[in-house]
Amino acid sequence: MEDLVIEEEGTSSALTITLGDFLVFINWMNQTEKSLDRAEALPTLPDLDSGKVRGWIQLVQRLEERFRRSEEKKLALEANVIAQEAQLGQLLSHLHANIASLYDNLGQSQKAEEVRRRAEALHVG
């Protein structure tokens, strides 16, 4: 069977893509879809004659790598936000305890108790 050849016009160096290369690319994309669905590594670069098709595959590989890095950064940022929220909660608890203690020391136990109740309501809610 003779390969169908597609030539890109309008360029100084004609790039040819054979039907065989295109079918290899389609097969690679099908494997890639399955790999992504299973959260596995992308399939390796197949042996191709076409630089254009190789470029397409490398582009998909770079996009997947960029997406994976973005996901890792997102998870790290989410963990950081959770840690910061926990730290903020502790700081607010200490602040309320210190304010209540200040009111106690000033002889305003009613105000101190009010601060403790509000702090407890914030902590529970």
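It should be noted that the structure appears before, not after, this text.
Being a predicted model, the structure only gives us computed values, none of them experimental.

K.L.:
Explanation requested: unusual backbone geometry in the structure shown.
P.N.:
With the exception of glycine, most residues fall at negative phi, and the peptide bonds are largely trans. Phi at alanine 39 is positive, roughly 55 degrees, even though this residue is not glycine. One can find alanine 39 in the loop between helix H1 (19–37) and helix H2 (51–105).

K.L.:
How do you make sense of the environment of lysine 111 when you look at a structure like this?
P.N.:
Examined against the element boundaries, lysine 111 turns out to sit in helix H3 (residues 109–124). Along the sequence, lysine 111 and alanine 100 sit 11 residues apart, while their C-alpha atoms lie 7.4 Å from each other.

K.L.:
It is not clear to me how the packing of H1 against H2 should be interpreted in this structure. Could you clarify?
P.N.:
Axis angle and axis distance: for two packed helices, these are the angle between their axes and the distance between the axes, and together they describe the pair. Interaxial distance between H1 and H2 falls to 10 Å at its minimum, and their mutual angle equals 15 degrees. When the interaxial angle is binned, H1 and H2 end up roughly parallel. The two elements H1 and H2 cross, and the hand of that crossing is right-handed. Along the contact surface, H1 presents Asp21, Phe22, Phe25, Trp28, Met29, Thr32 and Leu36, while H2 presents Val53, Trp56, Ile57, Val60, Gln61 and Glu64. When the residues that make up the contact of H1 with H2 are grouped by side-chain class, the tally is nine nonpolar, two polar and two charged.

How each quantity is defined
Residues numbered from 1 in each chain as written. Predicted model: local features only at pLDDT ≥ 70, side-chain atom pairs only at ≥ 80, totals over all residues. Heavy atoms only, no water. Helix = DSSP H or I, 4+ residues; strand = E, 2+ residues; numbered from the N terminus. Axes fitted to C-alpha atoms, helices over the stretch in contact; angles between N-to-C directions. Parallel < 35°, antiparallel > 145°, perpendicular 65-115°, else oblique. Left-handed = near helix turned anticlockwise from the far one by under 90°. Contact = heavy atoms within 4.5 Å. Nonpolar A, V, L, I, M, F, W, Y, C, P; charged D, E, K, R; others polar.

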